[in-house]
Amino acid sequence: MTTDQRRVLTGITTSGTPHLGNYAGAIRPAIHSSTEPNVDAFFFLADFHALIKCADPARVAQSRMEIAATWIAAGLDTERVTFYRQSDVPEIPELCWMLTCVTAKGLMNRAHAYKASVDANLAKAVDPDDGVTMGLFSYPVLMAADILMFNAHRVPVGRDQIQHLEMTRDIAQRFNHLYGGGQDLFVLPEVQIDEDVATLPGLDGRKMSKSYNNTIPLFEGGAKALKSAVAQIVTDSRLPGEPKDAESSHLYTLYRAFASHQQAAEFRQSLADGLGWGDAKHALCACIEAQIGPMRDTYADLMAHPARIEDILQAGAAKARQTAVPFMNQLREAVGLRQMASAAKSTTAKSAKSGQARLVSFRQDDGQFRQRLFAADGTELLLTEAFSDPKLLNQLSRQLAQADLSDVQADAQGQISLQAQGQCWARCPADLLAQVRQALSQI
Ligand code: TRP
């Protein structure tokens, strides 16, 4: 990631079947923003969050599949972005615990979702915490872990999530203060509310939402289900031939979300000219169908071949963990869960098993950062110089991993110095150069 690249991250809780509102309000704009230059997008299935809301294993399993297939069918370039399941990245719940330990209980007491449950209980005159699980209570901490694990700069979400982002910033600040030693371990993320992204009305005109039972299906049930849902959209009693005001009709709001400017203007005029609601619904169906119809085949194909979805998600998790694993090593060091001198052995055993060269970051007692490079068989090859800026250290490591290094010369003591940006990254005996080059090429 270059410095002017922006990391954008968002997740969808896997407890339901995606509807038209999820598509137009979240998935479509997210995919769109992932194609902008300089955007490094992380999109994930919040399936640990699903367990908070839904204790039906079949529902959770089905929803993960439907939501993953929807993202892919809607055109997400899974090579370009990092697309994964929360539950495939064990560093996220690990970070969640670290954050839990610095989060004030009082902060969580103020969370809207928790307060709403308490208020509902008070209204029913039952125990205020009736039916409230620790999952619900600490929901915002898990969400903070999702975001901070990847140091996202921007988090596009709906308005109902603004408070969670504020809490994330609070928690990140507290952690930086306690453990950063003057360096910010976490980026403070910005919430992104897109004003021009459509919040779709549902069949009854209220916001389209599963909890209002007013949704229009996206892919499930095919064109037929779309048609029969559109037929149920509530309209006024104006007859064909009577002029209709587009702005006050949620049918028009839906139309506009899928039409070009020009189409929308024409539709608006037709309503003013007396287009009947039946014909208007017909036009709405055709307009939605033009956009999502072609995606539906891809969706059905993926749903019929779950192994394909699984492969894509596994590859995404591996990609996400390229960031999460080294960062978690750094965080473990920061909180004092450090390797002891003898731990080099256990590191050796681990990487020998995984058969991959590794670069492990850690922080010294004086606050400086270093990395150790291990070969695929677990042998330690080198220890870098100490850097006060962990980002710079990472940058140099990445540069060296991509550098040619074939003309590095040994000094009189038989040592070589590996340099990037005019700085010495590490020194090591010249006879290790071949191994170092090989290890670097694998990380
Ligand atoms: N809480 C979000 C929602 O219900 C889903 C979510 C979980 C999320 N973790 C996240 C969104 C991290 C953005 C970033 O909509």
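Right, let's walk through the structure included here. (Residues numbered from 1 in each chain as written. Predicted model: local features only at pLDDT ≥ 70, side-chain atom pairs only at ≥ 80, totals over all residues. Heavy atoms only, no water.)

Taken together, 14 residues lie around the ligand, and H49, Y139, M143, D146 and Q161 are the ones closest in. Measuring from a nitrogen atom of the ligand, one finds a side-chain N or O atom of Y139 at 2.5 Å. The side chain of Q161 places a nitrogen or oxygen atom 3.0 Å from a nitrogen atom of the ligand. Expressed as a share of its isolated accessible area of 370 Å², the protein-covered part of the ligand is 88%. Elements supplying a minimum of two residues to the shell around the ligand: strand 1 (6–13), strand 2 (39–46) and helix 8 (139–148). Broken down by class, the residue content of the shell around the ligand amounts to eight nonpolar, five polar and one charged. (Near = heavy atom within 4 Å. Polar contact = N/O pair within 3.5 Å; in protein donor to acceptor, adjacent residues only side chain to side chain. Areas by Shrake-Rupley, 256 points an atom, 1.4 Å probe, with all protein chains shown as cover. Helix = DSSP H or I, 4+ residues; strand = E, 2+ residues; numbered from the N terminus. Nonpolar A, V, L, I, M, F, W, Y, C, P; charged D, E, K, R; others polar.)

What follows covers the packing of aromatic side chains. Per the stated rule, a full pass over the model turns up 14 aromatic pairs. A ring pair is formed by F44 and Y84, whose centres lie 5.5 Å apart and whose planes are at 20°; its orientation type is stacked. Highlighted residues: F44 in strand 2 and Y84 in strand 3 (residues 82–85), separated in sequence by 40 residues. An angle of 10° between the planes, with centres 6.4 Å apart, marks the rings of Y252 and F267 as stacked. On the criterion of sequence distance, the pair formed by Y252 in helix 11 (residues 250–256) and F267 in helix 12 (residues 261–272) is long-range, its members being 15 residues apart. An identical accessibility class is assigned to Y252 and F267; each is buried. (Phe/Tyr/Trp six-rings, centres within 6.5 Å; stacked < 30°, edge-to-face > 60°. Buried < 20%, exposed > 50% of the residue type's maximum accessible area, 1.4 Å probe, protein only.)

So, on to helix 3 (residues 57–73). Its 17 residues place the ends of helix 3 24 Å apart at the C-alpha level, agreeing with the 24 Å of an ideal helix rising 1.5 Å per residue. The set of residues buried in helix 3 consists of V60, S63, E66, I67, A68, A69, T70, W71, I72 and A73. G75 occupies a position one or two residues after helix 3 and carries a positive phi of about 105°. (Expected span 1.5 Å × (residues − 1).)

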